[in-house]
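Fold and contact review
One letter stands for each residue in the lines below.
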Amino acid sequence: MKAGILILLTFGLSNLVFGQIKSERQVKYWLHKKIEKKGFHKNISKDSCVIFWEEYNRNGKVTKEYDFPSDRCWTINGPWEHHYYYDDKDRIIEHRFYGGEEGKGRTLMKNYFYSYPYADEPNRANEFYVIYDYKAKTRIEEEQIDTFYLDTVTTKGMFDFFRTGWKYDTIRYNEGSFIFKEGFERNKKLFTSDLITPILSKSDIKDFEIALIDNLNQICNKFTEVYETDESYFCEFEFREEGSRRSIKFRISKYFLEIESRFLNNNGDCYLSFFYQCERNGSNLEKLNFVKSYIEYY
């Protein structure tokens, strides 16, 4: 509350009317399982994802908060939670970052606020960044501001990691479409559907993981050919399956291949993601984490 008052006094939030997505809550569960370890395909966390639940008003502020006690809480390092709030132009105006320790409830650790006073630069924002004293011994002390910063940033693309849309160039096949971001410079003729055919059309995440393991070397070899056609460090793109609310996102770097299997809702927004990483030669496959996202619409 103090931070909200302070930011309003500092430079104001000029537009608090929300658009199609009012708010988004993301909960991350860390797994860090290697392929040879028992339980690689177990994709159900022992944590409960609805231990904490909030209801929002039209302006995206909390009106009711529920706490459902559970002995399953915080059993895998504890979920890190991110809450995002947007304006009617789909720009971020607030980001809350919660964390905690195993066996304890969550704590608001950091809070970011954004305002957009530059009429000729709609995505240039004043950023007010608050760090709370979350390492303090008492709850009252935890809620006190430890430090804060003021900065000017560009927010375009900063908080849309879990969204999938048709706003980029695509290459279409019967199996689906490759989606590229603006400015993608690699030779798009190299992107044929057989790059990833073995891991498409899987009925559930376990089937996807089995296919990924069985075909990892083949996929990595083909992606290496794509990566080496350009010297830029990262190669990032997405494949959306035809007739399915699923997509797969790839990120290739000098040493690693990162894969994200995403499940989409009726609005095309991602509500569940599984993250994997291996070395670019196809060795040391690891399941890193999965993220559940709860999205509020008008």
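Residues numbered from 1 in each chain as written. Predicted model: local features only at pLDDT ≥ 70, side-chain atom pairs only at ≥ 80, totals over all residues. Heavy atoms only, no water.

**Examining the overall build of the chain**
Condition: The helix and strand labels rest on DSSP assignments: H or I over at least four residues marks a helix, E over at least two residues marks a strand, and numbering proceeds from the N terminus. Burial here depends on accessible area, computed with a 1.4 Å probe over protein chains only, as a share of the maximum for the residue type. Under 20% is buried, over 50% is exposed, and the range in between is partly exposed. Any two residues whose heavy atoms approach within 4.5 Å are treated as being in contact. Note on areas: Shrake-Rupley with a 1.4 Å probe; residue coverage comes only from the protein chains shown.
Helices and strands together make up the secondary structure of the chain, namely three helices and 15 strands. The proportion of buried residues among the 298 residues of the chain is 47%. Contacts in the chain between residues at least 24 apart in sequence constitute 54% of all its contacts with a sequence separation of at least 6. Accessible surface, the chain as shown: approximately 16,100 Å² in total, 50% of it carbon and sulfur.

**Some thoughts on the packing of aromatic side chains**
Selection rule: To pair, rings of Phe, Tyr and Trp, with the six-membered ring standing in for Trp, must have centres within 6.5 Å; the planes then decide the type, stacked if under 30 degrees apart, edge-to-face if over 60, and tilted in the middle.
All told, the structure shown has 18 aromatic pairs when counted by the stated rule. Plain terms: the ring middles of Y173 and F178 are 6.2 Å apart, the flat faces sit at 85° to each other, and that makes the pair edge-to-face. On the basis of relative accessible area, Y173 is assigned to the partly exposed category, the value being 28%. With a centroid separation of 5.6 Å and 65° between ring planes, the pair formed by F178 and F191 is classed as edge-to-face. One end of the pair, F178, is in strand β10 (residues 176–179); the other, F191, is in the loop between β10 and α3 (205–227), and 13 residues separate them in sequence. Feature note: the residues Y173, F178, F180, F191, F223, F237, F239 and F250 constitute an aromatic cluster, connected by ring pairs.

**Some thoughts on the environment of P198**
Here P198 lies in the loop between β10 and α3. Along the primary structure P198 and L216 are separated by 18 residues, whereas in three dimensions their C-alpha atoms are 9.4 Å apart. Residue contacts for P198: discarding those within four places in its chain leaves A211, N215 and Q218.

**A word on the pattern of salt bridges**
Oppositely charged side chains may form a pair once their charged atoms are brought near each other. Put simply, the rule reads: For this analysis, a salt bridge means a side-chain nitrogen from Lys or Arg found within 4 Å of a carboxyl oxygen belonging to Asp or Glu.
Overall, the coordinates contain 10 salt bridges when judged by the stated rule. Close ionic contact of R96 with E94 constitutes a salt bridge, the shortest N to O distance being 2.8 Å. Residue R96 is classed as buried on the basis of its relative accessible area, which comes to 12%. Among the charged side chains, a salt-bridge network with shared partners connects E238, E260 and R262.

**Describing the pairing of strand β13 (residues 256–264)**
On a regular strand, each side chain points to the face opposite its neighbour's, so the side chains alternate between the two faces of the sheet. Put simply, the test is: Two strands qualify as a pair provided that DSSP identifies no fewer than 2 bridges between them.
Of all nine residues making up β13, seven are buried, and the element is well covered by its neighbours. Summarising the sheet, strand β12 (residues 246–252) and β13 pair through seven bridges and their orientation is antiparallel. Among the inter-strand pairings, I252 is bridged to a residue of β13, identified as L257. What sits between the antiparallel neighbours β12 and β13 is a turn of three residues. In terms of strand pairing, β13 meets strand β14 (residues 270–279) through nine bridges, oriented antiparallel. Residue pairing for β14: S261 is matched across the bridge by F274. Hairpin connection from β13 to β14: five residues lie between these consecutive antiparallel strands, with G268 at a positive phi of about 85°.

**Let's talk about the side chain of N111**
As a reminder, the rule being used: Residues adjacent in sequence count toward polar contacts only when both atoms are side-chain atoms; beyond that, a polar contact is any pair of N or O atoms within 3.5 Å, and within protein one must be able to donate a hydrogen and the other to accept it.
Along the chain, N111 falls in strand β6 (residues 107–115). Among the residues examined, N111 registers a relative accessible area of 4% and is labelled buried. A polar contact of 3.5 Å, which involves the side chain of N111, links it to the side chain of E94.

**Description of the side chain of R262**
Position of R262 relative to the elements: it lies in strand β13. Only 3.0 Å separates the side chain of R262 from the side chain of E260, close enough to count as a polar contact.

**Let's talk about the confidence of the model for the chain**
Put simply, the rule reads: A residue's pLDDT is simply how confident the predictor is in it, with values from 0 to 100.
Mean pLDDT over the chain works out to 77, with 75% of the residues at or above the 70 mark. Long-range and interchain partners of residues 47–53, a stretch whose pLDDT sits below 50, account for 33 contacts in this model, where long-range means more than four residues apart. This model gives residues 67–78 a pLDDT under 50, and the stretch forms 31 contacts once residues within four places in sequence are excluded.

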